[in-house]
Amino acid sequence: MIFELGASGRKGYSLPELTIPIKEVADLIPAEFLRSQPAELPEVSELEVMRHFIALSQLNYHVEKGIYPLGSCTMKYNPKINEVVSRLEGIVALHPLQDEEDVQGALALMHELGQYLCEIAGMEAITLQPAAGAHGELTGLLLIRAYHEDQGNPRKKVLLPDSAHGTNPASASLVGYQAVQIKSNDKGLIDLDDLKRHLDDEVAALMLTNPNTLGLFETQIETVCRLVAEAGALLYMDGANLNALLGIVRPGDLGFDVVHFNLHKTFSAPHGGGGPGSGPLGVSKKLVDFLPVPTVELKDGYYFLDYDRPKSIGKVATFFGNFTVMVKAFAYIRMMGASGLKEASKMAILNANYLLERLKSMYHLPYPTRPMHEFVLSAERQKQYGVRTTDIAKRLLDLGFHAPTIYFPLIVHEALMIEPTETESKETLDAFAEALLQIADEASENPKVVQTAPHNTPVSRLDEALAARQLKVRYRKGD
Ligand SMILES: *Cc1c(COP(=O)(O)O)cnc(C)c1O
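None of these values were measured; they are calculated from a predicted model. (Residues numbered from 1 in each chain as written. Predicted model: local features only at pLDDT ≥ 70, side-chain atom pairs only at ≥ 80, totals over all residues. Heavy atoms only, no water.)

Next up on the list: helix H7 (residues 167-174). Those residues of H7 that fall on the buried side of the exposure criterion are Asn 168, Ser 171 and Ala 172. In an axial view of H7, the angular spread of the buried residues amounts to 100 degrees, which keeps them on one side of the axis. Where H7 is buried, its residues meet helix H6 (133-150), strand S2 (157-161), strand S3 (178-182), strand S4 (203-209) and strand S5 (234-238). Once H7 finishes, Gly 176 follows within two positions and takes phi at roughly 95 degrees, a positive value. (Buried < 20%, exposed > 50% of the residue type's maximum accessible area, 1.4 Å probe, protein only. Helix = DSSP H or I, 4+ residues; strand = E, 2+ residues; numbered from the N terminus. Arc of directions from axis to C-beta. Contact = heavy atoms within 4.5 Å.)

Considered domain by domain, the protein is made up of domain 1 (2-59), domain 2 (80-336) and domain 3 (343-467). Each of domain 2 and domain 3 was reduced to a C-alpha centroid, and the two centroids are 30 Å apart. Every contact between the two is made by 25 residues of domain 2 and, on the other side, 20 residues of domain 3. Across the interface of domain 2 and domain 3, roughly 1,600 Å² is buried in total on both sides, 65% from carbon and sulfur atoms. When the buried area of domain 2 at its contact with domain 3 is split by residue, Thr 213, Leu 214 and Asn 243 rank highest and sum to 33% of it. The interface formed by domain 2 and domain 3 includes zero salt bridges. Across the domain 2-domain 3 interface, the total number found is six residue pairs in polar contact (both at pLDDT 80 or more). The class makeup of the residues in the side of domain 2 that touches domain 3 is twelve nonpolar, ten polar and three charged. (Domains from an automatic or database assignment. Buried area = accessible area lost by both parts, 1.4 Å probe. Salt bridge = Lys/Arg side-chain N within 4 Å of Asp/Glu carboxyl O. Polar contact = N/O pair within 3.5 Å; in protein donor to acceptor, adjacent residues only side chain to side chain. Nonpolar A, V, L, I, M, F, W, Y, C, P; charged D, E, K, R; others polar.)

As a structural note, the neighbourhood of the ligand is formed by Ser 72, Ala 132, Gly 133, Ala 134, Glu 137, His 165, Thr 167, Asp 238, Ala 240, Asn 262, His 264 and Lys 265. Within the side chain of Asn 262, an N or O atom sits 3.0 Å from an oxygen atom of the ligand. The side chain of Lys 265 places a nitrogen or oxygen atom 2.8 Å from an oxygen atom of the ligand. Sort the elements by how many residues they give to the shell around the ligand and H6 lands first, with three residues. Class assignment for the residues of the shell around the ligand results in three nonpolar, six polar and three charged. (Near = heavy atom within 4 Å.)

Here the focus is the side chain of Asp 430. Following the sequence through the fold, Asp 430 ends up in helix H14 (residues 426-445). Asp 430 has contacts with Tyr 354 and Arg 358, leaving out every residue within four places of it along the chain.

Following the criterion strictly, the structure yields 29 salt bridges and no others. Of the charged contacts, one joins Lys 80 and Glu 64 as a salt bridge, the two residues approaching to 2.7 Å between their closest N and O atoms. Linking Lys 80 in helix H3 (residues 80-86) with Glu 64 in the loop between helix H2 (46-59) and H3, this pair joins segments that are 16 residues apart in sequence. For Glu 297, the salt bridge is made with Arg 309, and the minimal N-O distance between the two is 3.6 Å. Taken together, the residues Glu 297 in strand S8 (residues 295-299) and Arg 309 in the loop between strand S9 (302-306) and helix H11 (323-359) connect sequence positions twelve residues apart.

Turning our eyes to something else, we now look at the sheet that holds S2. Spatial strand order, S1-S7-S6-S5-S4-S2-S3: seven strands in an open sheet with mixed pairing. A single partner strand is all that each edge strand has here, and the edge strands are strand S1 (125-127) and S3. Taken pair by pair, the neighbouring strands of this sheet meet at an average axis angle of 25 degrees, ignoring direction. Here S2 pairs with S4 via three bridges, running parallel. Across the sheet, the residue bridging to Leu 159 is Leu 206, located in S4. Packing against the sheet, H7 makes contact with S2, S3, S4 and S5, and its axis sits at approximately 180 degrees to S2. Along the sheet face, helix H9 (residues 221-230) touches S4 and S5 and points at about 165 degrees away from the line of S4. (Pairing = 2+ DSSP bridges. Axes fitted to C-alpha atoms, helices over the stretch in contact; angles between N-to-C directions.)

Here you go:
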């Protein structure tokens, strides 16, 4: 703890001499607010502060330290140019209440980013307001509800596959819809017969992730979209897995009416404690009128905020959303260009398939279809030695790697969901594969070492429920 470092009277700063006597200052403050004792603050030099925080940062795992293969999360490396651009003075000093004519550059950036995203996903219009993917889902379902209400009946149900991310059914019920599960077939794709059985005139929408959370492209997607459209329902695409599709497939061309983007996944803004997110939402023609106010529009060379949208669902964020995240995504898209983005998706797919080939002799692959940018293994085989997925994840920490996503999607027992992303080199993929292969060997030969891992991290196994519920965030001397 920083309180345990340093020594009484040591300082890491210097201030100019006080020009007023301290007594005079103290007299200005009511007595009850004055301390009788000095505050117990750490007394450390600048060097001690540096060493302390650098040491803390090294206890943590981050994408600058090593591969972060969390399936579904797309933990790609975030180029530092994004940070440079988002800290330009003209951007940092902006205030959201400035007049339109004074912030034409910022509005231009938002407008252009919106156009890039619409082009990437084949959408008609966009809102940049939602602050994350789940917020985009909520906004999208509010739009879907507004659309159906406008047609005379809001309808009652939202269909989702059993492989869906937990935010999907949560968003549906927040908007007042009943979330209804559709089965996956033995190939891990949506079961068409089950879908047909559930489609009726009370279905407001189908929410689908494509590639789905098993990393598999829904090959019957055109049929799925046709069936849903015939029932008068709308199609929501959870775009969290867009990193597999850039420049290759456009959700709008497949028939989707709504798609959210996770700028903090696909478009390289940090996430997971690294900063706020941004979950813009693209829509087809049917939904344009209902978009949140304001939208950013361009007329005769002048950018403006359009509040004149009578059918709008209203605002879903303060001001315009997380602007600096938009700046980072904008910088990334401009830096990569169309061909760079397409190359990123192709490399993401190649990396996942390479890693899968290296691992599938030792780990069970429940759905043996060629995946896109991520894949899901199962620790079913390791179970016979008493080794579970959690144990494998913990053992990876010993070997210097962040664990993949585990126990998701729910339809795979003992799931290990691995997404290497395009930013990892072949050497890193090989090292990660070697670690997982070593653990598979250990599981059969010396299961104890895996079951009791991690052995060389700052803390060993925590009670995960208690650790999240009874946080100790306050230092008390002697605690
Ligand atoms: C990450 C993710 C979400 C939620 O996005 P957030 O930005 O974390 O709110 C939804 N669906 C899928 C498939 C995801 O991977």
